[in-house]
Amino acid sequence: MSVNEFLLEFHAIESRISAGHFKRGEKPYQDFALKIFEQTDCKMLTVDDAIKAVELMIDLNVKLHNEFIELGEGGWLSTTSKYKTIGGKELITFVIYPMGVEDPQVEPKICVIEIP
């Protein structure tokens, strides 16, 4: 899926939650985070897509945090950063990593995009 498709899906989840389409105990944002984790190919992201993805991850992180507080569980978390290298290049990084996941094989997904 493209970043734009993920953004549309994120807003659709928000709309369905507002309309009461999810039952207590369901984790639509965790399911969405897992989908992003499984389907994102960081090598294919453009700079514009990376910026949109970072904004999406910031918004999603807030929703995940609230979802987990409500359910009293651990789950997924994302972080984003912007760096300037010694050579003067700017990098955007974002990471999605599991918290409280039982599977020891699960590793964080790390994306690093250079801004030309």
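Structure first, text after, so check above.
Residues numbered from 1 in each chain as written. Predicted model: local features only at pLDDT ≥ 70, side-chain atom pairs only at ≥ 80, totals over all residues. Heavy atoms only, no water.

Undergrad: Sorry if this is basic, but what is going on with helix H2 (residues 28–39) here?
TA: An α-helix turns once every 3.6 residues. As a result, residues three or four positions apart point the same way. A rise of 1.5 Å per residue sets the reference length of H2, with its twelve residues, at 16 Å; its end C-alpha atoms lie 16 Å apart and thus fit the reference within 8%. The complete set of buried residues in H2 reads Pro28, Tyr29, Gln30, Phe32, Ala33, Ile36 and Phe37. (Helix = DSSP H or I, 4+ residues; strand = E, 2+ residues; numbered from the N terminus. Expected span 1.5 Å × (residues − 1). Buried < 20%, exposed > 50% of the residue type's maximum accessible area, 1.4 Å probe, protein only.)

Undergrad: Would you explain the pattern of salt bridges in this entry?
TA: Two side chains of opposite charge can pair, provided their charged atoms sit close to one another. Counting across every chain of the model gives two salt bridges. Note that lysine 35 and glutamate 9 form a salt bridge whose closest N and O atoms lie 2.9 Å from each other. One end of the pair, lysine 35, is in helix H2; the other, glutamate 9, is in helix H1 (residues 3–18), and 26 residues separate them in sequence. Lysine 35 sits in the partly exposed class, given a relative accessible area of 24%. Across the pair lysine 63 and glutamate 14 runs a salt bridge whose closest N-O atoms are separated by 3.4 Å. Note that lysine 63 is positioned in helix H3 (residues 47–71) and glutamate 14 in helix H1, a separation of 49 residues in sequence. By relative accessible area, glutamate 14 is classed as partly exposed at 23%. (Salt bridge = Lys/Arg side-chain N within 4 Å of Asp/Glu carboxyl O.)

Undergrad: Help me understand H3 in this model?
TA: Its 25 residues place the ends of H3 35 Å apart at the C-alpha level, agreeing with the 36 Å of an ideal helix rising 1.5 Å per residue. Taken together, the buried positions of H3 are occupied by Ala50, Ala53, Val54, Leu56, Met57, Leu60, Asn61, Leu64, Glu67, Phe68 and Leu71. Positive phi appears at glycine 72, one or two residues downstream of H3, with a value of about 65°.

Undergrad: Looking at this structure, how should I read the packing of H1 against H3?
TA: At a minimum axis distance of 10 Å, the contact between H1 and H3 shows a crossing angle of 25°. Here H1 is positioned roughly parallel relative to H3, judged by the angle of their axes. Regarding H1 and H3, the two cross each other, and that crossing is left-handed. Along its contact with H1, which presents Val3, Asn4, Phe6, Leu7, Phe10 and Glu14, the element H3 presents Asp49, Lys52, Ala53, Leu56, Asp59, Leu60 and Lys63. Residues belonging to the contact of H1 with H3 are distributed by class as follows: seven nonpolar, one polar and five charged. (Axes fitted to C-alpha atoms, helices over the stretch in contact; angles between N-to-C directions. Parallel < 35°, antiparallel > 145°, perpendicular 65-115°, else oblique. Left-handed = near helix turned anticlockwise from the far one by under 90°. Contact = heavy atoms within 4.5 Å. Nonpolar A, V, L, I, M, F, W, Y, C, P; charged D, E, K, R; others polar.)

Spatial relationships are all this shows, so hold off on functional conclusions.
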